[in-house]
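Chain and residue survey
Chain by chain, the residues run as shown.
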Amino acid sequence: MSLKPKKSLGQHFLRDQNILRKITMAVGAGKNERVIEIGPGEGALTEWLLQAFDDVLAIEVDGRAVDMLGERFPDLKVRHGDILKENWDDVLAAGKGNVVVGNIPYYITSPILFKIMDAGPVFRKAVLLMQKEVAERLVAGPGTKAYGILSVQAQLLGEVEYLFDVSRHVFFPKPKVESAVIEFRPSQKELPVHLADLKTVVRTSFNQRRKMLSNSLKQVLKQQNKETIDFDLNLRPDQLMPEEFITLTTKIFGNKS
Ligand code: SAH
């Protein structure tokens, strides 16, 4: 049984048992945990997950794959839907730990990442295969080209670990770019500021990454009636540590509550 890959759905199926084993080991879910797989496709990874863990739920948008998975794996819970439209409450197991895993489709990597990061500590962790370039952005630090919105948000909302590289040759069809697997562990601590305010500051700052903060944030400062604030606005966004964006957000919008 195999599917004709649909490019429009970012279908690149994994064909390497060693990589599948390494991803399964990284998931490392316990007895009382649910594993939620994003984009199971033909079920290459799903097969490993079902062997290793008791409770696996998969979300897949391609109806052909959903039918195939249902026949192939009677123990699998499959939802036919778009991950970006799913409500986490409908897929999380209440009273259990939840771990997210997936070889996620390239065309919506960032929206999926933000959906996972924004959900906060409802997950214990996420293990995700993505373009290497995006994986590098997640772990990048100040002063590097890869450092940006994704880095700051990921590092403030949790801990990111770059696990290992995955060659483009282990997929069918082969993608144009190299891939990597990362692990994201959401922080259990609440942010001192509103996430929406933090996002406004981070996104507005990096939208013009070569400009000084005083310039990029002009409108935001004006809207908040902040003529001057106690923060060095002559800096460029890529000179700030992630935590400094919290300080900056506090100075502009104040703390939560
Ligand atoms: N896990 C499989 C397939 C990965 S390819 C493997 O490693 O072999 C990416 C998968 O995500 C495809 O099966 C594709 O149909 C699915 N997909 C694409 N867009 C999706 C969406 N919006 N919601 C859920 N799944 C999606």
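The rules behind the values
Within each chain, residue numbers correspond to sequence positions counted from 1 in written order. A pLDDT threshold of at least 70 governs which residues receive local features in this predicted model, and a stricter bar of 80 or more applies before side-chain atom pairs are shown or counted, although totals over entire chains, interfaces and linings include all residues. Heavy atoms from the whole structure form the basis of all side-chain values; hydrogens and water molecules are not counted. Residue exposure (1.4 Å probe, protein chains only): buried if accessible area is under 20% of the type maximum, exposed if over 50%, otherwise partly exposed. Numbering of helices and strands starts at the N terminus; helices are DSSP runs of H or I of at least 4 residues and strands are runs of E of at least 2. Two strands qualify as a pair provided DSSP detects at least 2 bridges between them. Seen with its strands pointing away from the viewer, a crossover is right-handed if its path from the first strand over the helix to the second goes clockwise. Should a side-chain nitrogen of Lys or Arg be within 4 Å of a carboxyl oxygen of Asp or Glu, the pair is scored as a salt bridge. Here the bounds of each domain stem from an automatic or database domain assignment. Contact definition: two residues touch when any of their heavy atoms are within 4.5 Å. When two components associate, each loses some accessible surface as probed by a 1.4 Å sphere; the sum of these losses over both components is called the buried area. Identification of polar contacts relies on pairs of N or O atoms within 3.5 Å, with a donor-acceptor requirement for protein atoms, meaning one able to donate a hydrogen and the other able to accept it, and with residues adjacent in sequence counted only if both atoms are side-chain atoms.

1. Structural notes on the pairing of strand 2 (residues 33-38)
Note on strand geometry: in a regular strand, side chains alternate between the two faces of the sheet. For strand 2, the buried fraction is high: six of the six residues fall into the buried class. Covered by surrounding structure in strand 2 are Glu-33, Val-35 and Glu-37 together with Arg-34, Ile-36 and Ile-38, the residues of both alternating faces. As judged from the five bridges shared by strand 2 and strand 5 (residues 97-103), these two strands associate in the parallel manner. Paired with Arg-34 across the strands is Asn-98, a residue of strand 5. By the bridge criterion, five bridges tie strand 2 to strand 3 (residues 55-60) in an arrangement that is parallel. Along strand 3, the bridge assignment pairs Glu-37 with Ala-58. Read from strand 2 through helix 2 (residues 44-52) to strand 3, the crossover connection turns out right-handed.

2. A word on unusual backbone geometry
A cis geometry characterises the amide bond from Phe-172 onward to Pro-173, with omega recorded as -10 degrees. Positive phi outside glycine occurs at Asn-225, with the angle close to 55 degrees. You can call Asn-225 exposed: its relative accessible area is 67%.

3. Focus: the pattern of salt bridges
In this structure the tally under the stated criterion is 21 salt bridges. When the shortest N-O distance is used, the salt bridge between Lys-96 and Asp-55 registers 2.7 Å. Taken as a pair, Lys-96 in the loop between helix 4 (88-91) and strand 5 and Asp-55 in strand 3 lie far apart in primary sequence, 41 residues in all. Of the residues examined, Lys-96 reaches a relative accessible area of 29% and is grouped as partly exposed. Taken together, the salt bridges that share partners define one network made up of Lys-125, Glu-159, Glu-161, Glu-183 and Arg-185.

4. Digging into the domain arrangement of the protein
Interfaces are often sized by the accessible area lost when the parts come together. As far as domains go, the protein holds domain 1 (7-186) and domain 2 (195-253). Centre-to-centre, using C-alpha coordinates, domain 1 lies 32 Å away from domain 2. The interface of domain 1 with domain 2 comprises 14 residues on the first partner and 16 residues on the second. Approximately 1,200 Å² of surface area, both sides summed, lies buried where domain 1 meets domain 2, with 68% of it carried by carbon and sulfur atoms. Between domain 1 and domain 2 we count one salt bridge in total. Lys-199 is the partner of Asp-118 in a salt bridge, and the nearest nitrogen-oxygen pair spans 2.5 Å. The tally of links from domain 1 across to domain 2 stands at five residue pairs in polar contact (both at pLDDT 80 or more). The set of elements that each furnish at least two residues to the side of domain 1 that touches domain 2 consists of helix 5 (109-118) and helix 7 (149-157).

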